[in-house]
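# Report on the structure
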Amino acid sequence: MQFRALVFFAFAIVLHLTWDVSMAQENNAKRAMTLEDLYRFQRVAEPTYSPDGMWIAYQQTSISVDKNESKTAIYLAPTDGSAVPRLLTSSGKKDSRPRFSPDNRNLVFESNRSGSMQLWIIDIHGGEARQLTTIATEATTAKWSPDGTKIAFVSAVLPEHSEKPFVESDKANREANEAAEKSHTKARIADRLFFRHWDSYVDGKRQHLFVLNLKLGPNGLEADGMPHDATPGDRDAYPTSSTFSSGEDFTFSPDNQFLIFTAVPAKNESWSTNFDICRVKIDNQSKDWETLTQNPAADSGPRVSPDGKWLAWRSQSIAGYEADVWNISVVAIEKDGRFGTAKIDTVTQGVDSVSEFAWITSQSIVYSTDSFGAQRIVALSFAKNGSTVTRHSDLLPIQPGLFSGLNGHATGFAFSRSQMDQPAEIYLKVNELPEKNISQANQGLLNEIQLNRPESVDTIRIEGGRKMQMWLLKPPNFDPSKKYPCVYLVHGGPQGAWEDAWSNRWCAQIWAAQGYVIAMPNPRGSTGFGQDFVEEISGDWGGKCYRDLMAGADYVESLPYIDKSRIAAAGASFGGYMMNWFAVNTNRFCCLITHCSVWNFESMWGTTDELWFDEFEHGGLPWEKPEKYREFSPHVKAGKLGELKTPMLVIHNDLDFRCPIGQGLELFASLQRQGVPSRFVNFPDEGHWVSKPANSKLWHQEIFSWLVKYCPSNK
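Residues numbered from 1 in each chain as written. Predicted model: local features only at pLDDT ≥ 70, side-chain atom pairs only at ≥ 80, totals over all residues. Heavy atoms only, no water.

Right, let's talk about the overall build of the protein for a bit. For the protein, the helix and strand inventory stands at 14 helices and 39 strands. Taking 2.2 N^0.38 as the reference for a compact globule, 715 residues should give roughly 27 Å; the C-alpha atoms of the protein span a radius of gyration of 26 Å, in line with that estimate. Summarising its shape, the C-alpha atoms of the protein cover approximately 75 × 70 × 55 Å along the three principal directions. For the protein, the proportion of its 715 residues judged to be buried stands at 56%. Residue pairs at least 24 apart in sequence account for 60% of intrachain contacts in the protein once pairs closer than 6 positions are excluded. Accessible area of the protein: about 29,900 Å², with a carbon and sulfur share of 52%. For the protein, the separation between the mean place of its 72 positive charges and that of its 85 negative charges on side chains is 4 Å. (Helix = DSSP H or I, 4+ residues; strand = E, 2+ residues; numbered from the N terminus. Rg over C-alpha atoms; globule rule 2.2 N^0.38 Å. Buried < 20%, exposed > 50% of the residue type's maximum accessible area, 1.4 Å probe, protein only. Contact = heavy atoms within 4.5 Å. Areas by Shrake-Rupley, 256 points an atom, 1.4 Å probe, with all protein chains shown as cover. Lys, Arg positive; Asp, Glu negative; His and termini not counted. Charge placed at Lys NZ, Arg CZ, Asp CG, Glu CD.)

Spelled out as structure tokens, the structure:
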């Protein structure tokens, strides 16, 4: 037995070495990723299952930097794998968010092919798409009624006209749009907060839910009359904050007569997180909304079970705290969507925060959750006997990554998944079979490029007896005998995480391809390591989290292949804040890159859009807690910039209302006034992100040029 074991062990070593050599040869045959490749990758999203389980529809976007545009098409793939995905729409515009009709025959989607974003419908078996809406304020986010006779959608309208007949209200909205376009003044006047959000002005509009009746015409289903505003009045019937959106934020009741939806707080919307699940009759003669949830914190994303007997949604429990753990609440409902006296049960109590979820059967749900630097999918089954709910959950054997678009069916579920070395693709998971990539949109390009897998390090000791996880990504053709520069990336949030995921904005692979080792730590505040770890950053941005990051930097410096004189750091949003905190606290980095950051907590409060965030983080208003707004605000220590003199690249955009442009201007002025090497890059047509193709390319070029100047690579 010992001899056999020895022979087997020797054979395993030879096999392992052979595999290593083979992999090395394969990688050497590939080339390093270029910036142009980032825009050559196809971007797939929004998978949706047909009700009969036979098809998956999804969208695929291609980018043109030269034309500074993108175009999105819809593909259709059979779930049995009998054929390659079929291109269903090819308008050359943006055809997105496909949704199957209950009879499996048609897809409704949104498109700007007629000049504005409207709803279109197409038979999946062929034929031309037909336009369903022509509303002046555009139509998005379509949802079918269970009987297939209606479609609900979202449109942002002027509330003062919303109770008029549709023809009158639509005319008033169109005239208002045209008048604003032609006006010689672009002044904006506001009577209350949330007059702007993320990267656009609200202009007094409210997001309402409309319902369009359908009928069978000579060419198939078509609009039957004009749409009807089901939620008139001066309140949003759809989340204005992506933080509280679940992707699917409204649904029909099982009897087709009511809409159940996520409503923005009725008052104090800029500083309240009290999003509620509401219900309204489609014809809504009374103009009243019935609030179904009494939770003072956020509720969002109502979804009805396949048998129409249950309603599930995501809920939080701490008012004002956007990073509170999300759980799934379930309640038995009547056909009209009411709860009655039914008890609401939390079926995910005690687990990490739920990101997305989808019904599979009427007593089973799948959901995604952050887990140790990646995401996992969990299967949840539950049964209710009287007032007692029993539940059982299992971590599904699916390769971790970043998941979105969970969409379920009794036969399985679909989702998009990416990893750090794999752009998003559409996957299908059926029964006990392994998940299958059904889109295969990027395999050809992936065969050309060397994209290394990241390494996970979870041994970095931090205070409190904890250990911090960090991702390390090595450059192409890495040679451990050489010394490499490193870029130390700090994620945003702060309640977020670097995950084993592809990003089109902060793509670690393209940074590594410049010749750098990329380090991505998940310090205090990061999700996926327990809610207590998340909450330890609240009110302590420059405290334990900063010390965690310094411990991570110590670890990076200790690596034998790292040149510790060439370590740069970069980050955006909270990560940008931390770059600013680094700049006034340490000179260990050869240069810093700060994107859309926070520099001054005092001025941030009055200029950001979502006040609840700052008020929760600092425990009150600036005049109530002045010391908390100053304790970890980098601007208080602005004089240290001149002492430490770390070169800084500052990027800030005019349409960023989350971290307003003033933050970047104050920082740049402080750097320039003290003679610190610095450069300011401003995109007047971008918000918190840089998403337009030509802008994105320039953004990368500026960053990589800064690194070459102050932290040169081996290339």
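Our next topic: the nonpolar core. With 62 residues, the main nonpolar core has Tyr488, Tyr577, Met578, Phe582, Phe589 and Leu641 as its most contacted residues. With seven residues, helix α8 (residues 574-583) is the single largest residue contributor to this core. Beyond its immediate stretch of four places on either side in the chain, Tyr488 contacts Met470, Ala519, Pro521, Leu549, Gly552, Ala553, Val556, Ile567, Ala568, Ala569, Ala570 and Phe589. Of all hydrophobic cores here, the second largest spans 44 residues; its members include Ala568, Ala572, Val681 and Ile703. (Core = buried A, V, L, I, M, F, W, Y, C linked by side-chain atoms within 4.5 Å.)

The next point concerns the packing of aromatic side chains. As enumerated under the stated definition, the model contains 41 aromatic pairs in all. Aromatic side chains Phe372 and Phe529 sit 5.6 Å apart centroid to centroid with 85 degrees between the ring planes, which places their arrangement in the edge-to-face category. In this pair, Phe372 is assigned in the loop between β25 (364-370) and β26 (375-385) and Phe529 in the loop between β35 (517-522) and α6 (531-535), connecting sequence segments 157 residues apart. In this structure Phe529 comes out as buried when scored by relative accessible area, which is 13%. With centroids separated by 6.0 Å and ring planes inclined at 65 degrees, the aromatic side chains of Trp541 and Phe613 adopt a geometry described as edge-to-face. Residue Trp541 is located in the loop between α6 and α7 (544-558), and its partner Phe613 is located in helix α10 (residues 611-617); the two are separated by 72 residues in the primary sequence. Residue classification places Trp541 among the buried positions, given a relative accessible area of 7%. Taken together, the ring pairs connect Trp541, Phe574, Tyr577, Trp581, Phe601, Phe613 and Phe632 into an aromatic cluster. Over the ring of Phe258 we find Arg279, and its NZ or CZ is 3.6 Å from the ring centre. Between the NZ or CZ atom of Arg658 and the centre of the ring of Trp198, over which it lies, the distance is 3.7 Å. (Phe/Tyr/Trp six-rings, centres within 6.5 Å; stacked < 30°, edge-to-face > 60°. Lys NZ or Arg CZ within 6 Å of the ring centre and 35° of its normal.)

Here four strands make up an open sheet; going across it, the order is β5-β6-β7-β8 and the pairing antiparallel. Strands at the two margins of the open sheet, each flanked by one partner only, are β5 (95-100) and β8 (130-131). Judged from the two bridges that link them, strand β7 (residues 118-123) and β8 form a sheet pairing that is antiparallel. Residue pairing in the sheet places Trp120 in a bridge with Gln131 of β8. (Pairing = 2+ DSSP bridges.)

Let us now look at unusual backbone geometry. Comment: phi is negative for the bulk of residues other than glycine, and the bulk of peptide bonds are trans. Residue Pro494 follows Gly493 across a cis peptide bond; omega there is 5 degrees. Structurally, Pro494 can be placed in the loop between β34 (484-490) and α5 (508-512).

With that settled, the discussion passes to the pairing of strand β13 (residues 206-217). On a regular strand, each side chain points to the face opposite its neighbour's, so the side chains alternate between the two faces of the sheet. As judged from the eight bridges shared by strand β10 (residues 150-157) and β13, these two strands associate in the antiparallel manner. Bridging across to β13, Lys150 finds its partner in Asn213. Both β13 and strand β15 (residues 228-229) contribute to a ladder of two bridges, which runs antiparallel. Bridge pairing in β15 places Phe210 opposite Asp229. What sits between β13 and strand β14 (residues 220-223) in their antiparallel hairpin is a turn of two residues.

All right, on to the sheet that holds strand β23 (residues 345-346) then. The pairing of strands in a sheet happens through backbone hydrogen bonds and is either parallel or antiparallel. On the basis of which strands lie adjacent, the open sheet formed by four strands has the order β20-β21-β22-β23 and antiparallel pairing. The sheet terminates laterally at β20 (299-304) and β23, the two strands that pair on one side only. Pairing geometry for β20 and strand β21 (residues 310-315), over four bridges, is antiparallel. The partner of Asp299 across the bridge, within β21, is Ser315.

Now for helix α14 (residues 693-710). With 18 residues, α14 should cover 26 Å at 1.5 Å per step; its first-to-last C-alpha distance of 26 Å lies within 8% of that length. Of all the positions in α14, only Pro693, Asn695, Ser696, Trp699, His700, Glu702, Ile703, Phe704, Trp706 and Leu707 are classed as buried. (Expected span 1.5 Å × (residues − 1).)

To continue, consider the side chain of Gln469. When you line up the elements, Gln469 lands in strand β33 (residues 466-473). You can call Gln469 buried: its relative accessible area is 4%. Here Ser456 takes part through its side chain, which lies 3.0 Å from a polar atom of the side chain of Gln469. Within the structure, the side chain of Gln469 is placed 2.8 Å from the side chain of Asn522, a separation counted as a polar contact. Beyond its immediate sequence surroundings of up to four residues, Gln469 is in contact with Phe372, Gly373, Ser456, Val457, Asp458, Pro521, Asn522 and Phe529. (Polar contact = N/O pair within 3.5 Å; in protein donor to acceptor, adjacent residues only side chain to side chain.)

Once that is clear, we can look at α7. Helix length check: α7, at 15 residues, gives a terminal C-alpha distance of 21 Å against a target of 21 Å (1.5 Å per residue), a fit within 8%. When α7 is considered as a whole, its buried residues turn out to be Cys545, Tyr546, Asp548, Leu549, Met550, Gly552, Ala553 and Val556. Where α7 is buried, its residues meet β32 (455-462), β33, β34, β35, β36 (562-573) and α8.

Let us look at the environment of Thr141. As for its position among the elements, Thr141 is in strand β9 (residues 140-144). Residue class for Thr141 comes out buried when judged on its relative accessible area of 9%. On a C-alpha basis, the gap between Thr141 and Gly225 in space is 20 Å, while along the polypeptide they are 84 residues apart. The contacts of Thr141, once residues within four sequence positions are left out, are Arg97, Glu110, Ala152, Phe153, Val154, Tyr238 and Phe250. At a separation of 3.1 Å, a polar atom in the side chain of Thr141 contacts the side chain of Thr140.

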